[in-house]
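Chains, contacts and geometry: an overview
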Amino acid sequence: MKKLQNYVTGQWLEGKGEGVPMFDAITGEIVGLSDTEGLDFAEILQYGRTKGGEKLRKMTFQERGNMLKKLALYLVKKKADFYELSYRTGATKVDSWIDIEGGFGNLFANASLRKLFPNQSYHVEGDAIDLSRGGRFMAHHIMVPKRGVAIHINAFNFPVWGMLEKCAVNWMAGVPAVVKPATNTSFLTEAVVREIIASGILPEGALQLISGSARTILDTVDSQDVVTFTGSASTGRLLKSHKRIINESVPFTMEADSLNASILGEDAIPGTPEFDLFIKEVRKEMTVKCGQKCTAIRRVIVPQNLVEDVQIALGKALDKITIGDPRLKEVRMGALVSKDQVTEVRDRVQELAKTASIVYGDLDKIETIGADAKKGAFLSPILLREDNPFKNLSVHETEAFGPVSTIMPYKNLEEAITLAQMGKGSLVSSIATNDDNIAKEYVINAASHHGRILVLNRESAKESTGHGSPLPSLVHGGPGRAGGGEEMGGMRGIKHYLQRTAIQGSPTTLTEITGIYQPNAAYKEAEMHPFKYHWEDIEPGMSLKTHKRTFTDTDIINFANLTWDHFYAHTDITSLDGSIFEKRTAHGYFIISAAAGLFVYPNKGPVSANYGLEECRFLRPLYHNDTVYVRLTCKQKVDRDVASAEHPSGIVKWFVEVFDAEDELVAVATILTMVQKKQEVFVE
Ligand code: NDP
């Protein structure tokens, strides 16, 4: 029997034990043996920290992002093999698409985030903080990659997405990963890791795989490591209280069972688009992945006068679900992951059925096509109805991790909110309503207990990604029962693998460290006009002091006529009494335009375009006869890494300070220019 291998310490290794069989969810045949016996976890973690970490930490965010993109493009070409294997986990084509291409999507989405980070190996977060009166002492927060490994202990339901949604994030941060998928579907994770390693796109040590059990993996975690866990709440709690996790203060992100609720708004009566959308969404969440989704709808909360309608409509919708061999086109729902899981779900349903009644489906009867119902891990969708959800609490506590949901009634919105909160913390909730007052009331009051809330109506449905889809740009995680963790969420996710440190010092020192010119830092006087330099030769702090200009009355009137901005302060000096203006006042836009007239170098050169303006402030009014000059200082360089072969360029942000004749600062702005490079820096 074929044994799965583990990819650790730079090699594919077989375990030294007998191996644990993994079963085909459709036929019950043995797919292979998982064996991790004899693996030295301490050595594996240390290998990641040193071999993988050293290389990843030195890469810039741009390089890491491009690496992810390249990897995603590589894996897309191999997807047919992964789909084939995925059927053996019981997944239909649609289920596999979520797992496989959803996983690749995470690589692409995280790769795009490189544009939000500086072109260096560490991040500079937020704004500078002035800590002194004299402007000589300040602080900034930087975020550097942790020097440990990301250890991902994953669930069986998403063997590909579960790995990539997490690894994409730690790799972007510059941290290597050790992935430990759930044993029973690790054969699919292994197939993907084989391709990743074979591609040679990741630096060695950036990814290690333990294809199965790893009970002692946390015994040597240290304070620079990060652990994420997805699975049952009981295992999560056990691992979270591991003494190394506590003693070493290891960040532990847990994503566990969640009894997600979907609410039907009181306005969404039969015949409205929202009623139909609700039924469709509940059916989808019950049957996609056979309901084995952490985000699936478990509690269907509906107005009490609509319970019958919902029950009937859901029954009809579920009737259309054909179950069987997921390779067949007409099959809409495959099998659960294993027969053990069928037993587990049955037990949970029986627990629920102590107070609730089964109104659709049969625990012991199922019709399948193209597959032997007895050999595979098949189960019919089961719809329950709990008429006393405030008294019978099992429905808020028991998770049947399969195609199972329970309908329950509410009298008013307040009750619906309370019922949603009784799940004690969920990954996601949704409400189908076309009344935005209902939506607002629900969202504001239910948000405390949820990581994500979808408002579904006729408008959003056209492009909605659905109740069950965690997106790489949004927070995924939930409070309380859902584990109290947070994953992904765009930049936020990456920051989980970075150490935030407050740096205090002079503006000049902080300019050097952050790569961003800080106000009051020493200027680096440019030898020639800064607009004459190419991208590579410009550095933060490079500065030019311009000649002076005096504003005249005519300048201001001309600007008003040119732009048609006839605001009274510029055009009507008889109306200034009682205003903040003493004399005819220059337009703010005139000050900025005049500043540009002072700092721009007119001849053709490396600066190819004006790209925009940020953070513009006018600190006091400027009147006719006032004289100004400008300080133009390079604030920051932002590499666009756009493959524009003909004219590769980057964005330079210039800090523009406008001073009056007494050297008092009167206006500031940051302007953006596109500056040509001597050569293309990034190769995609
Ligand atoms: P488990 O919590 O048992 O397993 C999850 C992961 O933890 C697996 O990789 C498992 O490895 C690993 N694990 C278990 N015990 C240990 C340990 N002592 N040390 C290190 N790793 C450990 O969940 P199951 O996969 O068995 O699913 C059980 C239930 O969990 C489901 O019925 C469902 O209710 C819930 N669940 C929730 C999910 C979610 O996304 N929120 C996803 C999947 C399940 P191994 O497989 O090798 O035992």
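For the structure, check the block above.
So, a few notes on the structure that sits alongside this text. (Residues numbered from 1 in each chain as written. Predicted model: local features only at pLDDT ≥ 70, side-chain atom pairs only at ≥ 80, totals over all residues. Heavy atoms only, no water.)

Quantified by volume, the second largest pocket comes out at close to 1000 Å³. If you go around the second largest pocket, you meet 48 residues; those closest to its centre are Asp127, Ile516, Gln518, Glu615 and Lys635. Elements that contribute at least two residues to the lining of the second largest pocket include exactly strand 5 (123–130), strand 6 (138–145), strand 24 (607–618), strand 25 (627–638), strand 26 (649–660) and strand 27 (665–676). Sorting elements by how many residues they give to the lining of the second largest pocket places strand 5 first, with 8 residues. When grouped by side-chain class, the residues that make up the lining of the second largest pocket number 23 nonpolar, 10 polar and 15 charged. (1 Å grid on protein atoms, 1.4 Å probe; cavity = no way out; pocket = protein on both sides within 12 Å on 5 of 7 lines; lining within 4 Å. Points joined across faces, edges and corners; volume = space filled by probe spheres on them. Helix = DSSP H or I, 4+ residues; strand = E, 2+ residues; numbered from the N terminus. Nonpolar A, V, L, I, M, F, W, Y, C, P; charged D, E, K, R; others polar.)

Per the counting criterion, the structure on display carries 5 cavities of 30 Å³ or more. The calculated volume of the largest cavity comes to roughly 90 Å³. Counting residues per element, the ones that place at least two in the lining of the largest cavity are helix 5 (161–173), strand 10 (226–230) and strand 20 (487–488). Of all the elements, helix 5 adds the most residues to the lining of the largest cavity, at 3 residues. Along the lines of polarity and charge, the residues of the lining of the largest cavity split into 4 nonpolar, 4 polar and 4 charged.

Attention shifts here to the pairing of strand 11 (residues 252–255). Here strand 11 shows two buried faces, one formed by Phe252 and Met254 and the other by Thr253 and Glu255. Relative to strand 11, strand 10 runs parallel, the two sharing 4 bridges. By the bridge assignment, Thr228 is partnered in strand 11 with Thr253. (Buried < 20%, exposed > 50% of the residue type's maximum accessible area, 1.4 Å probe, protein only. Pairing = 2+ DSSP bridges.)

Quick look at the packing of aromatic side chains now. Enumeration over the complete set of coordinates arrives at 14 aromatic pairs. Look at Phe61 and Phe117: their rings are 4.2 Å apart centre to centre, the planes differ by 15 degrees, and that puts the pair in the stacked class. One end of the pair, Phe61, is in helix 2 (residues 61–76); the other, Phe117, is in the loop between helix 4 (93–112) and strand 5, and 56 residues separate them in sequence. Exposure remark for Phe117: the relative accessible area of 3% places this residue in the buried category. Seen from their ring centres, Tyr517 and Phe655 are 6.1 Å apart, and the 40 degrees between their planes marks the pair as tilted. In this pair, Tyr517 is assigned in the loop between helix 16 (507–514) and strand 22 (524–525) and Phe655 in strand 26, connecting sequence segments 138 residues apart. This pair shows no difference in class: Tyr517 is buried, exactly as Phe655 is. Cluster of aromatic residues (ring-pair linked, three or more members): Tyr517, Tyr523 and Phe655. Residue placement shows Lys289 over the ring face of Phe158; its charged tip is 5.1 Å from the ring centre. (Phe/Tyr/Trp six-rings, centres within 6.5 Å; stacked < 30°, edge-to-face > 60°. Lys NZ or Arg CZ within 6 Å of the ring centre and 35° of its normal.)

Non-glycine residue Glu615 carries a positive phi angle of around 40 degrees. With a phi angle near 60 degrees, Asp663 is a residue other than glycine that sits in the positive phi range. As for its placement among the helices and strands, Asp663 is situated in the loop between strand 26 and strand 27.

Moving on: the packing of helix 2 against helix 5. Viewed as axis vectors pointing N to C, helix 2 and helix 5 meet at an angle of 150 degrees, and their least axial separation amounts to 8 Å. Accordingly, the angle class assigned to the pair helix 2 and helix 5 is roughly antiparallel. In this structure, helix 2 uses Phe61, Arg64, Gly65, Met67, Leu68, Leu71 and Leu75 to contact helix 5, whose residues at the interface are Leu164, Ala168, Trp171, Met172 and Ala173. The residue makeup of the contact of helix 2 with helix 5, split by class, is 10 nonpolar, 1 polar and 1 charged. (Axes fitted to C-alpha atoms, helices over the stretch in contact; angles between N-to-C directions. Parallel < 35°, antiparallel > 145°, perpendicular 65-115°, else oblique. Contact = heavy atoms within 4.5 Å.)

This part covers the sheet that holds strand 23 (residues 542–550). The strand order across the open sheet built from 6 strands is 22-23-25-26-27-24, with neighbouring strands paired in mixed fashion. Looking at strand neighbours, the two that pair on one side only are strand 22 and strand 24, the edges of this open sheet.

Attention now moves to the nonpolar core. Counting 58 residues, the largest nonpolar core has Ile263, Leu264, Phe278 and Val310 as its most contacted members. Of all the elements, helix 10 (residues 307–319) adds the most residues to this core, at 6 residues. For Phe278, the contacting residues outside a window of four places in its chain are Ser262, Ile263, Leu264, Val300, Val302, Val310 and Ala432. Grouped together as the second largest cluster of nonpolar side chains are 49 residues, Met59, Met67, Leu113 and Ile494 included. (Core = buried A, V, L, I, M, F, W, Y, C linked by side-chain atoms within 4.5 Å.)

Glancing now at the site of the ligand. The immediate surroundings of the ligand are formed by 26 residues, with Asn154, Thr183, Ser232, Cys294 and Glu399 found nearest. The backbone of Asn154 places a nitrogen or oxygen atom 2.6 Å from an oxygen atom of the ligand. For the ligand, an oxygen atom lies 3.0 Å from a polar atom in the side chain of Lys180. Within the complex, 86% of the 880 Å² of free accessible area of the ligand lies under protein. At the level of secondary structure, the elements contributing two or more residues to the shell around the ligand comprise strand 10 and helix 7 (233–240). Ranked by residue count, the leading element in the shell around the ligand is helix 7, at 3 residues. Looking at the shell around the ligand residue by residue, the class counts come to 12 nonpolar, 9 polar and 5 charged. (Near = heavy atom within 4 Å. Polar contact = N/O pair within 3.5 Å; in protein donor to acceptor, adjacent residues only side chain to side chain. Areas by Shrake-Rupley, 256 points an atom, 1.4 Å probe, with all protein chains shown as cover.)

This brings us to the sheet that holds strand 13 (residues 297–303). Read across the sheet, 7 strands follow the order 14-15-16-13-12-17-18 without closing on themselves; strand pairing throughout is mixed. The sheet is open, and its two borders are formed by strand 14 (357–360) and strand 18 (450–456), each paired with just one other strand. Strand after strand, the sheet turns through a mean of 25 degrees between neighbouring axes, direction not considered. One ladder, built from 3 bridges, connects strand 14 with strand 15 (residues 382–385); its direction is antiparallel. Note on strand 15: the bridge partner recorded for Ser357 is Arg385. Running at roughly 20 degrees to strand 16 (residues 404–410), helix 11 (residues 339–352) makes contact with strand 14, strand 15 and strand 16 of the sheet. In this fold helix 14 (residues 436–446) packs onto strand 12 (260–264), strand 17 (426–432) and strand 18, with an angle of close to 175 degrees to the strand it touches most, strand 18.

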